[in-house]
Amino acid sequence: MSSFGPLLRPTTALLLTKLTSLLLLLDCSSFFSVALVKQTAGFRSSTTDPRTNPVSRVTLSAEGGPPQYQKLGGVLRRSECMGKGSYLLSIDVSDEEGGAVGETSKWEAYEPGHVLAMEIQPPASFDNSEDETGSPSSMTTMSEKTQKDLEANGGWLRGPYTVSRGHGSSINQDGFQVLVKEVGYKSHVFAVSEPETPVRFGGRFKVPIVEGILAAAESTDEEDKNSKHEEDPTRRVVMIASGVGVGPCVGAIEDLMKSDSSASSKIAYIDLIASFRTSDEIAMGVDLDKLVEEPTSMGFRWLPVITEETGRLSSNGPEVLREMYLKPASSDATASPIRNTHYHIIGNGQLVNEWTAGLKMAGVPSSRVTTEAYFNHAAKPDPAAVETISEAVVGLDSTISKEVTTGKVSQTAASA
Ligand SMILES: Cc1cc2nc3c(=O)[nH]c(=O)nc-3n(C[C@H](O)[C@H](O)[C@H](O)COP(=O)(O)OP(=O)(O)OC[C@H]3O[C@@H](n4cnc5c(N)ncnc54)[C@H](O)[C@@H]3O)c2cc1C
């Protein structure tokens, strides 16, 4: 269920997605104070330290100001390394009752793609390690900005993170999982913390990935100016992830495969193109291989891209992008990459911005493009990459249309 009320009309979902995207252009602390105030206006504050009372719920307020946001207590059950530098955190709600004051504080399950605030306390000390240049390591030394935010937040590190799975340490456990890349002090603390470390979390932003896909699947949204083909259903989903952006894709694919909605029944194939800098950074490969074997009516394949070896997805021209990555599996070779395909782009802001622009240029309805940028939000799209993406999509569309017209596709599908 969405954080934004019961079922959203695609237009409303889209507007909210865009609004939250705007908020995410702000830095972390602005993100929390702007967005979370909206959620909890009217609540009174109380503060308890979950380190001494891990089952507590906390309502925080700005000093002397109105309450800003409310947090639940959780416990980090485990942090598992899923690939070089990537850690899957399993967090369980530590109070089964959930909630502190009033209705909105009740625990409500998250879904893959929800964004929440996660908090943890720094350890008393780290070994003073140095990086290869002899400077203090950014993993064990707090930046000034992090230090300031820690002080403003009562001694807790905080940051926005995206839910990978809507359950905690086991499928039946209230909680959630988040895939974190260890890139700086805060993410290092999350990654190396011991099991049973108390955490706090709160907030519920963005439309979950599956909800966004299904809301747009049968969209007839007349306000979608980019759409020339509003009434074609989604028959294929293409997810493009960089780094730990793969985590929420895994959870969303698991959920999509289990969905019994009429919109999901028309989706014949899901492709995930996941890029990583080096092959040892590939994360959640085991989970993805399991999904390939899953006996469902939806076909699934995933393709890793190792950027250090082959360059970025869009750096080798439209033919390579089309033939090696975007070409659909033969069993659903008639799905148009413009009219029948939903794209979810997640991870590095540059990748997100370039694909958003390239798909728009190709004429993909904007309701069928959902995104989540983790960092590098302000990156300007490289015009060459945008053109490559657009040309690859348009070229593939015309190949498929020709094959459908000449009847070649049905032969391919029959022999598949
Ligand atoms: C909406 C939203 C959702 C997010 N979801 C996730 C998530 O699910 N998992 C996750 O690991 N991070 C996510 N982030 C990023 C996260 O909030 C922190 O920025 C990250 O953990 C780095 O914090 P730090 O203090 O450890 O390092 P910092 O010192 O703040 O950052 C060090 C460097 O790493 C870069 N960086 C930040 N995040 C990443 C990343 N994921 N991969 C590669 N480089 C990165 C930064 O741009 C910076 O240059 C999300 C951010 C936003 C805005």
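Higher on the page you've got the structure.
My aim in this report is to walk through the structure given alongside it, one point at a time. (Residues numbered from 1 in each chain as written. Predicted model: local features only at pLDDT ≥ 70, side-chain atom pairs only at ≥ 80, totals over all residues.)

1. A few points about the sheet that holds strand β8 (residues 236–242)
Consideration 1: Strand order in the open sheet formed by five strands is β10-β9-β8-β11-β12, with parallel pairing between adjacent strands. Taken across any chain shown, the strands that pair with only one partner, and hence form the sheet edges, are β10 (299–306) and β12 (369–375). Neighbour-to-neighbour, the strand axes of the sheet open up by a mean angle of 10°, direction not taken into account. (Pairing = 2+ DSSP bridges. Helix = DSSP H or I, 4+ residues; strand = E, 2+ residues; numbered from the N terminus. Axes fitted to C-alpha atoms, helices over the stretch in contact; angles between N-to-C directions.)

2. As for the site of the ligand
Consideration 1: Neighbouring the ligand are 22 residues; Val183, Gly184, Lys186, Ser187 and Phe375 lie closest to it.
Consideration 2: Looking at the shell around the ligand, the elements with two or more residues in it are β5 (157–165), β6 (175–181), α4 (185–192) and β12.
Consideration 3: When its residues are assigned to classes, the shell around the ligand shows 12 nonpolar, eight polar and two charged.
Consideration 4: For the shell around the ligand, the two domains that each supply at least three residues are domain 1 (10–205) and domain 2 (209–408). (Near = placed C-beta within 6 Å. Nonpolar A, V, L, I, M, F, W, Y, C, P; charged D, E, K, R; others polar. Domains from an automatic or database assignment.)

3. Digging into the pairing of strand β11 (residues 341–348)
Consideration 1: Where burial is concerned, most of β11 is hidden: eight out of the eight residues are buried.
Consideration 2: When β8 meets β11, the two strands line up parallel, connected through six bridges. What sits directly across from Met239, in β11, is His344.
Consideration 3: Running through helix α11 (residues 349–362), the crossover from β11 to the neighbouring parallel element β12 is right-handed. (Buried ≥ 20, exposed ≤ 12 C-beta atoms within 10 Å, placed from the backbone. Right-handed = clockwise from strand over helix to strand, strands pointing away.)

4. Some points on the nonpolar core
Consideration 1: Counting 86 residues, the largest nonpolar core has Val180, Cys249, Leu272 and Val393 as the members making the most contacts within it.
Consideration 2: Both domain 1 (10–205) and domain 2 (209–408) contribute no fewer than three residues apiece to this core.
Consideration 3: Discounting residues that sit within four places of it in the chain, Val180 has contacts with Tyr87, Leu89, Tyr161, Ser187, Phe190, Ala191 and Val244. (Core = buried A, V, L, I, M, F, W, Y, C linked by C-beta atoms within 7 Å. Contact = placed C-beta atoms within 7 Å.)

5. Observations concerning the packing of helix α5 (residues 209–217) against helix α6 (residues 246–258)
Consideration 1: Relative to each other, α5 and α6 sit at 55°, their axes nearing to 9 Å. Considering their axes alone, α5 and α6 lie oblique with respect to each other. Facing Ile209, Val210 and Ile213 of α5, the residues of α6 in contact are Pro248, Ala252, Asp255 and Leu256. (Parallel < 35°, antiparallel > 145°, perpendicular 65-115°, else oblique.)

6. Quick word on the environment of Ser193
Consideration 1: Along the chain, Ser193 turns up in the loop between α4 and β7 (197–205).
Consideration 2: By C-beta crowding, Ser193 is classed as buried, having 20 other C-beta atoms within 10 Å.
Consideration 3: Sequence-wise, Ser193 and Arg78 are 115 residues apart; in three dimensions their C-alpha atoms are separated by 8.4 Å.
Consideration 4: Setting aside its immediate chain neighbours within four residues, Ser193 contacts Leu76, Ser79 and Ile120.

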